[in-house]
Amino acid sequence: MQRKITISLGEYYHIYNRGVEKRKVFESKSNYERFLKLLYLANGSSPFRYDEVKRIPLNKIDRGGELVSIGAYVLMPNHFHILVKETTEGGVAKFMEKLTTGYSGYFNKLNSRVGSLFQGTYKAEHADNDEYLKYLFSYIHLNPVKLVEHGWRENGIKDIFSAKRFLNQYRYSSYQDYIGVDREESLILNEKDFPDYFSENFSFDEVSEWLLFNKSQ
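These notes cover the structure that comes with them. (Residues numbered from 1 in each chain as written. Predicted model: local features only at pLDDT ≥ 70, side-chain atom pairs only at ≥ 80, totals over all residues. Heavy atoms only, no water.)

Taken in spatial order, the four strands make up an open sheet running S2-S3-S1-S4, and their pairing is antiparallel. Of all the strands in the sheet, the pair left with one neighbour each is strand S2 (68-76) and strand S4 (123-127). Ignoring which end each strand starts from, the neighbouring axes of this sheet average 20° apart. In the sheet, strand S1 (residues 12-18) pairs with S4 via five bridges, with the strands oriented antiparallel. Bridge pairing in S4 links tyrosine 12 to alanine 127. Packed onto the sheet, helix H4 (residues 130-142) meets S1, S2, strand S3 (79-86) and S4 and runs at close to 40° relative to S2. (Pairing = 2+ DSSP bridges. Helix = DSSP H or I, 4+ residues; strand = E, 2+ residues; numbered from the N terminus. Axes fitted to C-alpha atoms, helices over the stretch in contact; angles between N-to-C directions. Contact = heavy atoms within 4.5 Å.)

Written as structure tokens, this is what we have:
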């Protein structure tokens, strides 16, 4: 399948994909944790065998040079979103091949299935201005709200307190890293390669307002 856009060095991209036939790709805590660790391992120039490093803390693993810089991500039951910057030539393609191939092989073996797990080649959108980057930063981090309020984007969040509490406890995104939770998954991110507003001092209300930006622009 030919990609509609060209991935260029130094540019930002929204990378996403969902399970084939919209099936769940994360069915258990161990599934989520596997993908989280692969987000770190696959973003390196060195080859690895997961079984050899699965019990080693991320900061003790030599993965080689980074392929991309990751600014935000979220894992949902049947899809994922990742915001990246291409920092090495062909880095996004190499990273995504290692990530999805590694996870698909694990998931298929675990569930005695064959065939594609994700809907074809990963999708990519070019984030070429600050407004859209802010929108994506917000969209990615607030995505889990739909798990407790399905139509919140259309109808607004009815219970702000519950939504904030849910996001604060949701481990499968970079949200916790941006509100100052101390965890090893923070090593997945390289926010220094993103604008200054990618910081640990953002507010829920401010980030929510960024969703007002029209994503079609």
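So much for the structure itself; the text now carries on.
What follows covers unusual backbone geometry. The phi angle at glutamate 21 is positive, at roughly 55°, despite the residue not being glycine. The topology assignment puts glutamate 21 in the loop between S1 and helix H1 (29-41). Its relative accessible area of 75% is what places glutamate 21 among the exposed residues. One non-glycine residue, serine 112, lies in positive phi territory at about 50°. One can find serine 112 in the loop between helix H3 (91-110) and S4. (Buried < 20%, exposed > 50% of the residue type's maximum accessible area, 1.4 Å probe, protein only.)

We now examine H4. Taking 1.5 Å of rise per residue, 13 residues should cover 18 Å, and H4 covers 18 Å from first to last C-alpha, within 8% of that figure. Burial within H4 is extensive, with ten of its 13 residues counted as buried. Those residues of H4 that fall on the buried side of the exposure criterion are Tyr132, Leu133, Tyr135, Leu136, Phe137, Ser138, Tyr139, Ile140, His141 and Leu142. A side-chain oxygen of the first residue of H4 lies 3.2 Å from the backbone nitrogen of glutamate 131; this N-cap is asparagine 129. (Expected span 1.5 Å × (residues − 1). Polar contact = N/O pair within 3.5 Å; in protein donor to acceptor, adjacent residues only side chain to side chain.)

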